[in-house]
Amino acid sequence: MPKKLQAVASLLMVFSFVLSACAPAATTVPPTEAPVVESPTEAPVAAPTDAPAVEPTVAPTEAPVAEPGGSLPRNETLYYNGQQWGAVACWNPYSSSCNNGLAIAQGDSARVTMFETPYLYNMLDGKQYPLLADGPYTWNDARTEITFKIKPAAKWSDGTPVTAEDVAYTWASHLKYETNTAAANKDYVDTIEAVDAQTVVIKAKLDEDGNAINPLLVAAYLSGNYVMQKAWTETLEERAGGDAAKFREDVAEDVVYSGPYHMFFSDETKVVLVRNDEYWGQDASMWGKLPAPKYLAHAIYKDNAAGFTALKAGEVDVSQQFNANIQDLWLKDGLPISTYLPEAPYGIGASLPTAFFNLSSPGLDNAAIRKAIAIAVDYDTIIANAMTNQSATFNQVPRSVMNPTAGEQEMYDQAAVADLQWAGKDIEGAKALLDEAGVVDTDGDGWREVDGKNLSYVATCPNGWSDWQAAIEVVAAAGKEIGIEITTNYPEWSVYQTVVTVWPLPEADYDIFMMWSGGAGPTQPWGRVRGLIGGEFAQTTGNWNGNWGGYINPEVDAIIKAIPAETDAAKLKEMYTELTRIYLTEVPSFTLMYRPQVFHAVNESVWTNFPHQDDGTNPPVPPMLLTDGWGIAGLYNLTLVEP
Amino acid sequence: MNNTLRQIFRSGKFVTGFAIFVAILLGTLIYPLIITDAPLTIIGQGTFFPPGIYVSVYDSLGSTRYTLDLGEANFNRIASRLSEEDRIAIKEWLVAAGIPEADIDTADTQKLLTQWEENFDAKKSIPGMTNAKRNYYVRLDKSIDGLLSAEGAILAQANAETGALEQTGTVEQSDFVNVQQVANVRFLPLGTDNFGRDMLTELVAATRVSLIIGFVAGIIATLIGLTLGLLAGYIGGPVDDGIMFITNLFTVIPSFVLLILISFSIGQEQRGAFTVAVVIGFTSWVWTARAVRAQVISLRNRDHVNLSKLSGHSTVHIILTDILPYIASYVVMALILQISSGILAEAGLSILGLGPKTTDVPTLGLMMNWARIYQADIQGRWWAYLPVLVTIAMVTFSMNLMNTGLDQVFNPALRD
């Protein structure tokens, strides 16, 4: 290269680095039970073109019917980001690896765009509302059986009615073909039977005393899992020829569904669902009308930055990704973008990203050391810097095992544990705690010792999960203040997930590590406590459920076992308060921030009337992307800004 | 030697490059003597504070107050909280609320605000209004509340026993403090980064680390390249073939790809700044080796070399005294380029997330990486990445300039 050009070339090179960067920035934490279904950090499989493949500004007034793969009429299409990374693999809800962000996500608030559940969970009021089901379900007196009816209006896309037999057959197929759904529920759900065409009875698994092992999880099944058509399942079985793996891996493009949308187009640049104008839900017994957008579309973005740019440009209506300093979009840029709450924390906190202590690391078996580290951490900085204030602070919502929703906060006695709740940055308190426990620096090198060895830990989280990384940096900084050396380390997620889910944890590099906790769901807060301190998951391998640090306490386990069968609110409150007390005393892990179930920001350039705080809906529509659980009700309220 | 130096410093290009480089170097050496804060200390609670002078509000309340009657004060105050767009937005609301358009004068602040106060209702639903717009009006309402008040603000303190607020003083609108007299003032010339760290302090520390990485990488690369080139060129034969075989192998593999692969396989735990520098050094010696070999081959059969051989000097002696001095100027130039490409390589690696560990030291590449992760580039936080870019550019630019200058002095083909 001619030397004169080199100076120019080096400049160009620097700029090209900026442009060529490619690590996804933020993270979504999948809800409790299921192993990672969707995670933006899994690098996009296919490399899409640089520009998002959407046709943003063109809004033909009299739109002809769009061709699959062609351009979509803007004022009939609701665009998403942050849900779909890489191409869709299949349309088969029996599979757990469809990578189908718009259509398939079973869980606490199941995604009901294409497939439907009997009930819809509403994270704002904690209730389950009937969808395919007709009216509320009932328990028998012994709380061992649930009975509910199917709506007479409910129809499959082929026009046949949804029957109780479909519900029963779906469960039988899950069991027969050993799906993840079966694995998660078969210890609690015994059988699902069709009494007649409309009536379904779910029998819970019973313990030796004849009580249901876990009535909470049985009830949660109703809003967390899809109902599939029996006839189509039989077609699938025939195709699979009895091979369980084939059954689960089928692409299922011929799938029969009951929801308002179905597949329109999908490749490695975008996924589009189109409305089924024959959808049964327009019957007066359900919604009474069709959802507003004709198309739901999701361009597949390279990373968060690309998705963010599209949101800014109005090419995305509903954004499910962590956008740092989102308030600048309206404060500085004056864009018609808003979040569920107008002010920080902008969303409803639902889950508790938590740092777990590896209790087998030297010194971390000592509760005083654990607590000292936890109370020294500057949580306000984590929330302000790592989360850019998109989390309530621990002064606003004191720490416990509850998420910040009002419903859960009422479930424990805050006053009883107030003296145990710390807000952080208590350096003096932490030092005193360590001194008192005899953990002191005897050789004067600045680091405290246990058994003559300096306390030195590695704090870790997956690489590229920027908000977690920034939080871990703050944890490490706290260690220095109290004489405990904490360094950081960020392995790739592909490595990380194989390490923290296996017991025993490695001796080095994973002393303090971040994982998540349960979000909002019908089994919460019970499911979350179980995941934080329940002995059930402690020291197990293939553990995707919680308690990764290996904390075991029989007292805790007894309470966790008793809660699902307990119906007396006062007793429940007592139990949860006791669990909180133990959790805050023993500190087997510590929560670093609150995090919404899903990030939910909307751009009102085309559509408006999205759910927001005090929007007058009753029951309130939760900020669940207008696709999940009761959140789908929001799709029926949307209107165009310029009709 | 003196003569050579004099010649070098007569080259305008070299002097410019040298001056820039020395300025940067001195900056990294002197700045830490003045600002002694640790570069990775988190001082800001929040991300990307813009550049400016930060004055403690609390301390300024206790400072000596001066009364300044500035004619512009009221106007400025109103303008900062009620922009032209805000006035037009207020008019839109008032029209929607049923006030005749003729009655609204956006220039008459007093009247406009009175009308606003009388008519604004956050709960009122206006057809076609988006939630974002509604939020805007609520914010606006809060922001202009009491805008025209001529009263000062009251300072109050909670009574320790009853909890009731007791007035302890007032702040008049014409009260000023002298920034010099406020106990806590922090000048952040480049604001803060996403962690809330002082950007300038971090940048200086990062430049230093990046320079060290560049030097280490450059010296390693040059040493390897020089040694192999000298051996291959002078000894020739099978040694030459062997060395050139390896060199050619490395030539066809793009070194940056190699760098990425090695960095990735080392794993983050082991990736300190020094390790990264060594890895860069070990992947970028190829061209130096080839060029040195070519030069040595042309020197190998010169008379003075043959004379040395006849005198019975050892190979090492001949290489060091009869060959090396003749290619020294080239080696120095190669070293300078290696240093500058080492700095670029570190930046490139860090931006891909393969750079040194974050917490230990700041480097220019890591700063860019974090700025990008927190979307500083697309959210217009120029202070979080532009100064870093400029620094990288200036460092490499100055080195290339020095290199070109040297080239003009030493390369007979280019000599004037």
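The rules behind these values
Residues numbered from 1 in each chain as written. Chains lettered and ligands numbered in written order. Predicted model: local features only at pLDDT ≥ 70, side-chain atom pairs only at ≥ 80, totals over all residues. Heavy atoms only, no water. Helix = DSSP H or I, 4+ residues; strand = E, 2+ residues; numbered from the N terminus. Buried < 20%, exposed > 50% of the residue type's maximum accessible area, 1.4 Å probe, protein only. Contact = heavy atoms within 4.5 Å. Areas by Shrake-Rupley, 256 points an atom, 1.4 Å probe, with all protein chains shown as cover. Rg over C-alpha atoms; globule rule 2.2 N^0.38 Å. Buried area = accessible area lost by both parts, 1.4 Å probe. Salt bridge = Lys/Arg side-chain N within 4 Å of Asp/Glu carboxyl O. Nonpolar A, V, L, I, M, F, W, Y, C, P; charged D, E, K, R; others polar. Disulfide = S-S within 2.5 Å. Core = buried A, V, L, I, M, F, W, Y, C linked by side-chain atoms within 4.5 Å. Phe/Tyr/Trp six-rings, centres within 6.5 Å; stacked < 30°, edge-to-face > 60°. Lys NZ or Arg CZ within 6 Å of the ring centre and 35° of its normal. Domains from an automatic or database assignment. Pairing = 2+ DSSP bridges. Axes fitted to C-alpha atoms, helices over the stretch in contact; angles between N-to-C directions. Expected span 1.5 Å × (residues − 1). Polar contact = N/O pair within 3.5 Å; in protein donor to acceptor, adjacent residues only side chain to side chain. Parallel < 35°, antiparallel > 145°, perpendicular 65-115°, else oblique. Left-handed = near helix turned anticlockwise from the far one by under 90°. pLDDT = per-residue confidence, 0-100.

Visitor: So what exactly am I meant to see when it comes to the overall build of chain A here?
Guide: Assigned secondary structure in chain A consists of 19 helices and 24 strands. Each of the 643 residues in chain A was classed as buried or not, and the buried ones make up 60%. Within chain A, residue pairs in contact and separated by at least 24 positions form 69% of the contacts whose partners lie at least 6 positions apart. Carbon and sulfur atoms make up 53% of the accessible area of chain A, which amounts to about 23200 Å² in all.

Visitor: How should I be thinking about the overall build of chain B in this particular structure?
Guide: Broken down by element type, chain B carries 16 helices and 6 strands. Relative to a compact globule of 416 residues, whose C-alpha radius of gyration would be 22 Å, chain B shows 33 Å and is clearly more extended. By its C-alpha atoms, chain B is 105 × 55 × 50 Å across when sized along the principal axes. By residue count, 44% of the 416 residues in chain B fall in the buried class. Accessible surface computed for chain B: about 20900 Å², of which carbon and sulfur atoms make up 61%.

Visitor: Where do I start with the interface of chain B and chain A in this structure?
Guide: When the parts of a complex come together, some accessible area is lost, and that lost area is often used as the size of the interface. Counting from both sides, the interface comprises 47 residues of chain B and, opposite them, 57 residues of chain A. Of the roughly 4300 Å² buried at the junction of chain B and chain A (both faces included), carbon and sulfur atoms supply 59%. Between chain B and chain A we count 2 salt bridges in total. With a closest N to O distance of 2.1 Å, Asp328(A) and Arg381(B) form a salt bridge. When contributions to the side of chain B that touches chain A are tallied by element, the ones reaching two or more residues are helix 7 (131–143), helix 14 (315–351), helix 15 (364–373) and helix 16 (386–410) of chain B. Among the elements that take part in the side of chain B that touches chain A, helix 16 of chain B stands out by supplying 8 residues, more than any other. Grouping the amino acids of the side of chain B that touches chain A by side-chain chemistry returns 18 nonpolar, 19 polar and 10 charged.

Visitor: Before we go on, may I ask you to explain the environment of Asn225(A) in this structure?
Guide: All names here are of chain A. Position of Asn-225 among the secondary structure elements: in the loop between helix 4 (215–224) and helix 5 (230–240). Residue Asn-225 is classed as buried on the basis of its relative accessible area, which comes to 9%. Residues Asn-225 and Ile-512 lie 287 residues apart in sequence; the distance between their C-alpha atoms is 34 Å. Ignoring any residue separated from it by four or fewer positions in sequence, one finds Asn-225 in contact with Gln-106, Glu-116, Thr-117, Pro-118, Thr-181 and Asn-185.

Visitor: Before we go on, may I ask you to explain the state of the cysteines in this structure?
Guide: Simply put, the disulfide is a covalent bond whose two ends are the sulfur atoms of two cysteines. Residue and element names in this part refer to chain A. One pass over the full model with this rule turns up 1 disulfide over all chains. Here Cys-90 pairs with Cys-98 through a disulfide, and the sulfurs are 1.8 Å apart. Across the S-S bond of Cys-90 and Cys-98 the torsion is about -100°, and the bridge reads as left-handed.

Visitor: Looking at this structure, I do not really get the nonpolar core. What am I missing?
Guide: Most often, soluble globular proteins keep nonpolar side chains buried together rather than apart. Residue and element names in this part refer to chain A. In this structure, Leu-78, Phe-148, Ile-202, Trp-287, Ile-373, Ile-382 and Phe-590 are the most contacted members of the largest nonpolar core, which totals 197 residues. For this core, the element with the most residues is helix 14 (residues 466–481), which contributes 8 residues. Leave out the neighbours within four places in its chain, and Leu-78 touches Pro-293, Tyr-295, Leu-296, Ala-297, Asp-317, Val-318, Trp-607, Phe-610, Leu-626, Leu-635 and Leu-638.

Visitor: Even after reading the chapter, I still don't get the packing of aromatic side chains, so can you show me in this structure?
Guide: How two aromatic rings sit relative to each other is given by the distance of their centres and the angle of their planes. Inspection of the entire model under this criterion finds 38 aromatic pairs over all chains. Ring geometry for Trp287(A) against Trp630(A): centres 5.6 Å apart, planes inclined by 35°, an arrangement best described as tilted. Pair noted here: Trp287(A) is in the loop between strand 9 (270–275) and strand 10 (295–299) and Trp630(A) is in the loop between strand 23 (607–608) and helix 19 (633–637), with a separation of 343 residues, a long-range link. Across the pair, Trp630(A) and Trp287(A) agree in class, each one buried. For the ring pair Trp93(B) and Trp116(B), a centre distance of 6.0 Å and an interplane angle of 70° mean the geometry is edge-to-face. Here Trp93(B) is found in helix 5 (residues 84–96), whereas its partner Trp116(B) is found in helix 6 (residues 109–119), with 23 residues between them in sequence. Residue classification places Trp93(B) among the buried positions, given a relative accessible area of 2%. Note on Trp116(B): relative accessible area 2%, which makes it buried. Joined through ring pairs, the aromatic side chains of Phe356(A), Trp493(A), Tyr496(A), Tyr510(A), Phe513(A), Trp516(A), Trp544(A) and Trp548(A) make up one cluster. Note that Arg399(A) overlies the ring of Phe394(A), its terminal NZ or CZ placed 4.1 Å from the centroid. Lying over the aromatic face of Phe195(B), Arg197(B) brings its terminal NZ or CZ to 4.2 Å of the ring centre.

Visitor: In this structure, what is going on with the domain arrangement of chain B? I would like to understand it.
Guide: What the domain assignment lists for chain B is domain 1 (2–42 + 194–414), domain 2 (52–67 + 151–188) and domain 3 (73–148). Each of domain 1 of chain B and domain 2 of chain B has a C-alpha centre, and the two are 53 Å apart.

Visitor: I tried to follow the sheet that holds strand 20 (residues 589–591) of chain A on my own but got confused; where do I start?
Guide: Backbone-to-backbone hydrogen bonds pair the strands of a sheet. The strands run either parallel or antiparallel. Residues and elements named next belong to chain A. Strand order in the open sheet formed by 5 strands is 18-17-19-14-20, and the pairing between neighbours is mixed. Of all strands in the sheet, those with a lone pairing partner are strand 18 (485–489) and strand 20, marking the two edges. Averaged over all pairs of adjacent strands, the angle between strand axes in this sheet comes to 25°, irrespective of strand direction. Those strands touched by helix 14 are strand 17 (456–460), strand 18, strand 19 (512–515) and strand 20, and its axis lies near 160° from that of strand 18.

Visitor: Is there a simple way to explain the pattern of salt bridges in this structure?
Guide: Oppositely charged side chains can form a pair if their charged atoms are brought close together. One pass over the full model with this rule turns up 27 salt bridges over all chains. Ionic pairing is found between Arg595(A) and Asp467(A), a salt bridge with its closest N-O pair at 2.6 Å. Within this pair, whereas Arg595(A) is found in strand 21 (residues 595–596), its partner Asp467(A) is found in helix 14, the two being separated by 128 residues in sequence. Here Arg197(B) ties to Glu202(B) by a salt bridge, and the two come within 3.7 Å at their closest N and O atoms. Accessibility classification places Arg197(B) together with Glu202(B) in one group, the buried group.

Visitor: Would you take a moment to explain the sheet that holds strand 7 (residues 199–204) of chain A for this structure?
Guide: Residues and elements named next belong to chain A. Reading across from one edge, 4-5-7-6 is the order of the 4 strands in this open sheet, with antiparallel pairing throughout. In the strand order of this sheet, the two ends are held by strand 4 (133–139) and strand 6 (189–194), each with one partner. Across the sheet, the mean angle separating the axes of adjacent strands is 15° when strand polarity is ignored. Both strand 6 and strand 7 contribute to a ladder of 5 bridges, which runs antiparallel. From the neighbouring strand, Val-189 faces strand 7, where its bridge partner is Ala-204. Sheet contacts for helix 2 (residues 164–176): strand 5 (145–150), strand 6 and strand 7; angle to strand 6, the most-contacted strand, approximately 150°. Sitting on the sheet, helix 4 touches strand 4, strand 5, strand 6 and strand 7, and the angle it makes with strand 4 is about 175°.

Visitor: I keep staring at helix 18 (residues 569–586) of chain A and nothing clicks. Help me out?
Guide: Think of an α-helix as turning once every 3.6 residues; residues three or four places apart then point the same way. Residues and elements named next belong to chain A. The terminal C-alpha atoms of helix 18, which comprises 18 residues, lie 26 Å apart, in line with the 26 Å expected from a rise of 1.5 Å per residue. Of the residues making up helix 18, those classed as buried are Leu-572, Met-575, Tyr-576, Thr-577, Leu-579, Thr-580, Ile-582, Tyr-583 and Leu-584. The elements touched by buried residues of helix 18 are strand 14 (354–357), helix 9 (367–376), helix 12 (414–417), helix 16 (526–533), helix 17 (554–562) and strand 20. Its side-chain oxygen placed 3.1 Å from the backbone nitrogen of Ala-570, Asp-568 serves as the N-cap of helix 18. Trailing helix 18 by a residue or two, Val-587 shows a phi angle of about 45°, which is positive.

Visitor: What exactly am I supposed to notice about the packing of helix 12 (residues 286–300) of chain B against helix 14 of chain B here?
Guide: When two helices pack together, their arrangement is given by the angle between the helix axes and by the axis-to-axis distance. Residue and element names in this part refer to chain B. For the pair helix 12 and helix 14, the least separation of the axes is 10 Å and the interaxial angle reads 165°. When the axes of helix 12 and helix 14 are compared, the pair comes out roughly antiparallel. Classified by chirality, the crossing of helix 14 by helix 12 is right-handed. Contacts between helix 12 and helix 14 involve Thr-288, Ala-291, Val-292, Gln-295, Val-296 and Leu-299 from the former and Ile-323, Tyr-326, Ile-327, Tyr-330, Ala-334 and Gln-338 from the latter.

Visitor: Help me understand the side chain of Asn603(A), please; the structure alone is not making it clear to me.
Guide: Residues and elements named next belong to chain A. You can see Asn-603 is positioned in strand 22 (residues 601–603). Of note is the side chain of Asn-603, whose polar atom sits 2.8 Å from the backbone oxygen of Leu-311. With residues near it in sequence (within four places) discarded, Asn-603 still touches Leu-311, Lys-312, Gly-314, Val-316, Asp-317, Pro-336, Ile-337 and Phe-610.

Visitor: Sorry, what's going on with the confidence of the model for chain A here?
Guide: Parts of the prediction with low pLDDT should not have their coordinates interpreted in detail. Per-residue confidence for chain A gives a mean pLDDT of 86; residues scoring 70 or more make up 90%. Here residues 12–63 of chain A is a poorly scored stretch, pLDDT under 50, and it has 104 contacts once near neighbours within four places are set aside; other chains count.

Visitor: Which parts of the structure should I look at to understand unusual backbone geometry?
Guide: When glycine is set aside, most residues are seen to have a negative phi, and most peptide bonds are trans. Between Gln524(A) and the following residue, Pro525(A), the backbone shows a cis peptide bond with an omega angle of 0°. Mapped onto the secondary structure, Pro525(A) falls in the loop between strand 19 and helix 16. The phi dihedral of Asn99(A) is positive, around 50°, even though this residue is not glycine. Within the element layout of this structure, Asn99(A) appears in the loop between strand 1 (77–81) and strand 2 (119–122). You will see that Gln375(B), though not glycine, has its phi angle at about 60°, which is positive. Mapped onto the fold, Gln375(B) is located in the loop between helix 15 and helix 16. Judged by its relative accessible area of 2%, Gln375(B) falls in the buried class.

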